[in-house]
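Read off the chains here:
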Amino acid sequence: MEKLSFYRGKKVLITGHTGFKGAWLSRILVNAGAEVTGYSLEPPTNPNLFSLCGISESICSVTGDIRDRDKLMEVFDLRQPEIVFHLAAQPIVRDSYKDPVYTYETNVMGTVNICEAVRRHPCVQSFLNVTTDKVYQNKEWEWGYRENDPLDGYDPYSNSKSCSELVTHSYINSFYSQMDVAVSTARAGNVIGGGDFANDRIIPDCVRAVEEGRNIIVRNPHSIRPYQHVLEPLAVYLMIARCQYEDKAYAGCYNVGPEDRDCLTTGKLVDLFCQSWGDNLKWINQSDGGPHEANFLKLDCSKIKHVFGWNPRWCVAEAVAKTVEWSRAYIHGDDIAACMDTQIREFFQD
């Protein structure tokens, strides 16, 4: 945990802390000795990682809607954060088709609200807006998208996150460039890991199939995605926030994804899950004729490698194995917090 010593005693605010990524990030920061405030709706699923890992006892957890600017301002007034991670979002592509208005309200106006809170609070020295690899205009080509490629997500979720990027850039140009605050955006690929209970995500679907004793159903086995363990982008978020806190020159837009070899089809990912789990687990191809989703998506991460000297730590096979390890602990009723802490130590060890 020596790499995280910077955060000891720092006042950190996380929006969306009750979500999958948010709970892992909160756990990392608490272990690092940070003073953590979370601002989020109630956990989005039942069960959920936030409740299972017991992190609420170690942070200031505020239940609030990112669309409620007045309440968000009150939390900033009270807690005076130095570092802000914005993770709150409606994150599911299919749900964005079902309720596009809520998706845009949350992902666009929510970004406006957090940007305005940062603008009005000079205590904030470092601000990171977490978006997605889906912000790019997807041309289904074979090479990875770079940070200077056009932003134009197709579906309401992807498009709303493109808008979130543009809102952040506008605030940088209009306000933050004249302030003593460093601001970046991070565009991460698909993440897997223990504790994701969301609907319409392939690894949670795999775990549910195991629990129910049935074959795994795969809707789009030939879709190619950049898969990485959840700790990979979280480590990058922490690195960006730390580096730009110390030197504003590090502020910018960054892709965060795995190596090319870990951009693989959904079918291959499920093969890895079945092999890691054992017990003759199998999957079947069963398309449900759902709404449009990209078939091929890959990021070019050369910028973050060049700027920070960063490289991914766990390959996709290791990421799947760690996810299976966590999921077995959950199904067997083991200590979830201890399992998470062990995986965090293993990831961040020298």
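This structure is a prediction, so every number in the text was calculated from the model and none was measured.

### A word on the overall build of the protein chain
Regarding its fold elements, the protein chain presents twelve helices and twelve strands. Against the compact-globule benchmark of 20 Å for 350 residues, the protein chain has a radius of gyration of 19 Å, which places it among compact chains. Seen along its three principal axes, the alpha-carbon backbone of the protein chain occupies a region of about 60 × 45 × 40 Å. Buried positions account for 58% of the 350 residues belonging to the protein chain. Expressed as a percentage of contacts within the protein chain between residues at least 6 apart in sequence, the contacts between residues at least 24 apart total 80%. Accessible area of the protein chain: about 14,400 Å², with a carbon and sulfur share of 47%. Measuring between centres, the 36 positive side-chain charges of the protein chain sit 2 Å from its 46 negative side-chain charges.

### Comments concerning the pattern of salt bridges
Inspection of every chain in the model, using the stated rule, returns 17 salt bridges. Residue Lys98 is joined to Asp95 by a salt bridge in which the shortest nitrogen-to-oxygen separation is 3.7 Å. One end of the pair is Lys98 and the other is Asp95, both in helix H4 (residues 93-98) and three residues apart, which spans about a single turn. Close ionic contact of Glu165 with Arg187 constitutes a salt bridge, the shortest N to O distance being 2.8 Å. Of the two residues, Glu165 sits in helix H6 (residues 156-174) while Arg187 sits in strand S6 (residues 182-188), which places them 22 residues apart along the sequence.

### A closer look at the packing of helix H11 (residues 316-331) against helix H12 (residues 336-348)
A packed helix pair is summarised by two numbers, namely the angle formed by the two axes and the spacing between the axes. Contact geometry of H11 with H12 gives a least axis separation of 9 Å together with a crossing angle of 165°. By the angle between their axes, H11 is roughly antiparallel relative to H12. H11 and H12 meet at a crossing whose hand is right-handed. Two secondary-structure elements touch here, H11 through Lys322, Glu325, Trp326, Ala329 and Tyr330 and H12 through Ile336, Cys339, Met340, Gln343 and Glu346. Grouping the amino acids of the contact of H11 with H12 by side-chain chemistry returns six nonpolar, one polar and three charged.

### Description of the sheet that holds strand S11 (residues 263-265)
One open sheet accounts for three strands, arranged S7-S9-S11; its pairing is mixed. In this open sheet, the two strands that pair with only one neighbour each are strand S7 (190-192) and S11. Neighbour-to-neighbour, the strand axes of the sheet open up by a mean angle of 50°, direction not taken into account. Taken together, the three bridges between strand S9 (residues 224-229) and S11 define a ladder with antiparallel strand orientation. Residue pairing for S11: Arg225 is matched across the bridge by Leu264. Strands S7 and S9 of the sheet are contacted by helix H8 (residues 231-246), whose axis makes an angle of about 70° with S9.

### A closer look at the layout of surface pockets
As a volume, the second largest pocket reaches approximately 320 Å³. Lining the second largest pocket are 15 residues, and of these Lys3, Ala235, Trp310, Phe347 and Phe348 sit closest to its centre. Elements with a contribution of two residues or more to the lining of the second largest pocket: H8 and H12. Sorting elements by how many residues they give to the lining of the second largest pocket places H8 first, with six residues. Its residues assigned to classes, the lining of the second largest pocket comprises ten nonpolar, one polar and four charged.

### Re H8
Between its first and last C-alpha atoms H8 spans 23 Å; for 16 residues at 1.5 Å apiece the expected length is 22 Å, and the two agree. Burial of H8 is extensive: 13 of the 16 residues sit out of reach of the surface.

### Brief notes about the packing of aromatic side chains
Per the counting criterion, the structure on display carries 15 aromatic pairs. A centroid spacing of 5.5 Å and a plane angle of 10° characterise the contact between Tyr136 and Tyr145, whose relative ring orientation is stacked. You'll find Tyr136 and Tyr145 in the same group, each marked buried. Both rings, one in Phe273 and one in Trp277, keep their centres 5.7 Å apart while their planes meet at 20°; by these two values the pair is stacked. Here Phe273 pairs with Trp277, and both are found in helix H9 (residues 266-277), just four residues apart, close to one helical turn. This pair shows no difference in class: Phe273 is buried, exactly as Trp277 is. Put simply, the rings of Tyr136, Trp141, Trp143 and Tyr145 pair up and form one aromatic cluster. The ring of Phe175 carries the charged tip of Arg119 above its face, separated from the ring centre by 4.7 Å.

### Things to note about the environment of Ile344
Assignment of secondary structure puts Ile344 in helix H12. Classification of Ile344 by relative accessible area gives buried; the value is 0%.

### Section: the pairing of strand S4 (residues 83-86)
Neither face of S4 is exposed, since Ile83 and Phe85 on one face and Val84 and His86 on the opposite face are all buried. Here four bridges tie strand S1 (residues 11-15) to S4, and the two strands are oriented parallel to one another. Looking at the pairing, Val12 lines up with Ile83 of S4. When S4 meets strand S5 (residues 126-130), the two strands line up parallel, connected through four bridges. Among the inter-strand pairings, Ile83 is bridged to a residue of S5, identified as Ser126.

So, how was this worked out
- Residues numbered from 1 in each chain as written.
- Predicted model: local features only at pLDDT ≥ 70, side-chain atom pairs only at ≥ 80, totals over all residues.
- Heavy atoms only, no water.
- Helix = DSSP H or I, 4+ residues; strand = E, 2+ residues; numbered from the N terminus.
- Rg over C-alpha atoms; globule rule 2.2 N^0.38 Å.
- Buried < 20%, exposed > 50% of the residue type's maximum accessible area, 1.4 Å probe, protein only.
- Contact = heavy atoms within 4.5 Å.
- Areas by Shrake-Rupley, 256 points an atom, 1.4 Å probe, with all protein chains shown as cover.
- Lys, Arg positive; Asp, Glu negative; His and termini not counted.
- Charge placed at Lys NZ, Arg CZ, Asp CG, Glu CD.
- Salt bridge = Lys/Arg side-chain N within 4 Å of Asp/Glu carboxyl O.
- Axes fitted to C-alpha atoms, helices over the stretch in contact; angles between N-to-C directions.
- Parallel < 35°, antiparallel > 145°, perpendicular 65-115°, else oblique.
- Left-handed = near helix turned anticlockwise from the far one by under 90°.
- Nonpolar A, V, L, I, M, F, W, Y, C, P; charged D, E, K, R; others polar.
- Pairing = 2+ DSSP bridges.
- 1 Å grid on protein atoms, 1.4 Å probe; cavity = no way out; pocket = protein on both sides within 12 Å on 5 of 7 lines; lining within 4 Å.
- Points joined across faces, edges and corners; volume = space filled by probe spheres on them.
- Expected span 1.5 Å × (residues − 1).
- Phe/Tyr/Trp six-rings, centres within 6.5 Å; stacked < 30°, edge-to-face > 60°.
- Lys NZ or Arg CZ within 6 Å of the ring centre and 35° of its normal.

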